[in-house]
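# Observations on the three-dimensional arrangement
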Amino acid sequence: MRFACVIFILVVSLLASGAEALELITPRGTGMGRTVSLSRPSAAWQVNVPTRGLAPGDWSLEGGYNRRFELADLDHLFLATAARWRQLTVAVGASQFGKTELYAEQLLKGSLAFHYDSLSVAASVSAMQVQLGNNYGQLRAVTAGIGLSYRYRRLLLAATADNLTRPALTDYSDKIQPVYGLYAELVGKEAYSVSGRVTLEDLQKPRFGLGQIIRLSRRGSFFWGVSTSPMEFGGGLEVNIPSGSLTYATSVHPVLGFSHTVSFAYGSSRRTSKGADEFK
């Protein structure tokens, strides 16, 4: 009975999150409606969306796990790192969703971004592997994507295009369609920022997300968000520690229940977390 329940929820989960199949999970994404904090990006966000989040010479490392609908069989582990050298930012991330004895997706994604003034442009490569139990072999797909971001005063904008090569896991399976993302963030004059996201995919309804970060003090922030298709509500806390942070995020699906994400981040500089030049 439990096995059938896991299979049902797994199928529903995959159908609901197909657009993010080749997107690295992010620490605050669960609680922020899958939006992106362009002004305070984590290493995982640097993998997915190019930004000027790191100062030259800085680096960041983060990792964590997500428990989807409170089922261990749907655990999602991730690890990401990003570093900037002069006008270039390199970011690499890896993740695994599910259990290898039942169903598992492994993702390896890397990006290279070039920064010029307020503009950032990037190219990315994603490699995905699917395992169907221990005795059913492995399926693989490799694809590429591009992205750019721009900042004008307190307004930050970004756009991404993934799966541009339309890969397929097998010669007989449907191709993975391109996914386009539009992102925006408005940094308020007080200790908050509001972010939005639109995800577009062929033959799928547009997916919308809205999120907000509220800085409670120099020691931490609260965030919340909502996303559509399916409708999910979330929130969480981020606590600053020396040279890093700890984050907890949660969201609730109206039918399948709660999901939780716990993550850590560490780096040579946490300038963006401290809000030195974002919240004034």
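As the structure is a prediction and not an experimental result, all values here were calculated from the model.

This part is about the overall build of the protein. Across its full length, the protein holds three helices and 14 strands. Relative to all contacts within the protein whose residues are 6 or more apart in sequence, the contacts with residues 24 or more apart total 48%. As presented, the protein carries roughly 13,600 Å² of accessible surface, and 64% of it is formed by carbon and sulfur atoms.

Attention now goes to the packing of aromatic side chains. Enumeration according to the criterion identifies one aromatic pair in this entry. Plain terms: the ring middles of Trp-59 and Tyr-266 are 5.8 Å apart, the flat faces sit at 55 degrees to each other, and that makes the pair tilted. With Trp-59 in strand E1 (residues 59-67) and Tyr-266 in strand E14 (residues 257-267), the pair connects residues that are 207 residues apart, well separated along the chain. The class of Trp-59 is partly exposed, set by a relative accessible area of 34%. Look at Tyr-266 and you get partly exposed, because its relative accessible area is 41%.

A few words on the pattern of salt bridges. Scanning the entire structure with this criterion turns up six salt bridges. A salt bridge links Arg-28 to Glu-238; its shortest N-O distance comes to 3.2 Å. With a gap of 210 residues between them, Arg-28 in the loop between helix H1 (2-16) and helix H2 (43-48) and Glu-238 in strand E12 (residues 232-241) connect regions that are remote in the sequence. Given the relative accessible area of 5%, Glu-238 is considered buried. A cluster of three or more residues bridged by salt bridges with shared partners is formed by Arg-28, Arg-40 and Glu-238.

Attention shifts here to a nonpolar patch on the surface. Together, Trp-59, Leu-61, Leu-79, Val-239, Ile-241, Leu-246, Phe-264 and Tyr-266 make up a nonpolar patch on the protein surface, roughly 680 Å² of accessible area in all. Along the chain, Ile-241 falls in strand E12.

Below, the discussion takes up the pairing of strand E10 (residues 207-217). With eight bridges connecting them, strand E9 (residues 192-201) and E10 associate as antiparallel partners. Within the sheet, the bridge partner assigned to Ser-193 lies in E10 and is Ile-213. In terms of strand pairing, E10 meets strand E11 (residues 220-227) through eight bridges, oriented antiparallel. For Ser-217, the partnering residue across the bridge sits in E11 and is Gly-220. Connecting E10 to the next strand, E11, in antiparallel fashion are two residues.

Attention shifts here to the pairing of strand E4 (residues 103-116). Two strands pair when backbone bridges link them, and strand E3 (residues 88-99) and E4 are joined in this way by 12 bridges, in the antiparallel orientation. By the bridge assignment for E4, Val-90 is matched with Leu-112. Between the end of E3 and the start of E4, which pair antiparallel, lie three residues. As defined by bridge partners, E4 adjoins strand E5 (residues 119-131) across 13 bridges and the pair is classed as antiparallel. Residue Ser-111 lies in a different strand from E5, and its bridge partner there is Ser-124.

Residue Ser-229 is joined to Pro-230 through a cis peptide bond whose omega torsion reads 5 degrees. With respect to the element layout, Pro-230 can be found in the loop between E11 and E12. Its identity is not glycine, yet Ser-229 carries a phi of approximately 55 degrees, on the positive side. Tracing the sequence through the fold places Ser-229 in the loop between E11 and E12.

On to the environment of His-115. Take His-115: it is sitting in strand E4. Setting aside anything within four residues of it in sequence, one finds His-115 in contact with Thr-51, Arg-52, Arg-84, Gln-87, Leu-88, Thr-89 and Ser-120. Within the structure, the side chain of His-115 is placed 2.7 Å from the side chain of Thr-89, a separation counted as a polar contact.

To continue, consider the environment of Ala-43. Mapping Ala-43 onto the fold places it in helix H2. Relative accessible area serves as the criterion here: at 1%, Ala-43 is assigned to the buried category. Put simply, Ala-43 and Ser-60 are 17 residues apart on the chain and 5.9 Å apart in space, counted from C-alpha to C-alpha. Residues in contact with Ala-43, not counting those within four places in the same chain, are Ser-60, Glu-62, Ala-80, Thr-81, Ala-82 and Ala-91.

A few words now on the confidence of the model for the protein. Put simply, the protein has an average pLDDT of 85, and 87% of its residues get 70 or more. Long-range and interchain partners of residues 1-19, a stretch whose pLDDT sits below 50, account for 28 contacts in this model, where long-range means more than four residues apart. Note that residues 270-280 has pLDDT below 50 and, in this model, 36 contacts with residues that lie over four places away or in other chains.

Conventions we followed
Residues numbered from 1 in each chain as written. Predicted model: local features only at pLDDT ≥ 70, side-chain atom pairs only at ≥ 80, totals over all residues. Heavy atoms only, no water. Helix = DSSP H or I, 4+ residues; strand = E, 2+ residues; numbered from the N terminus. Contact = heavy atoms within 4.5 Å. Areas by Shrake-Rupley, 256 points an atom, 1.4 Å probe, with all protein chains shown as cover. Phe/Tyr/Trp six-rings, centres within 6.5 Å; stacked < 30°, edge-to-face > 60°. Buried < 20%, exposed > 50% of the residue type's maximum accessible area, 1.4 Å probe, protein only. Salt bridge = Lys/Arg side-chain N within 4 Å of Asp/Glu carboxyl O. Patch = residues over 30% accessible without salt bridge, like charges linked within 9 Å, V, L, I, M, F, W, Y side chains within 5 Å. Pairing = 2+ DSSP bridges. Polar contact = N/O pair within 3.5 Å; in protein donor to acceptor, adjacent residues only side chain to side chain. pLDDT = per-residue confidence, 0-100.

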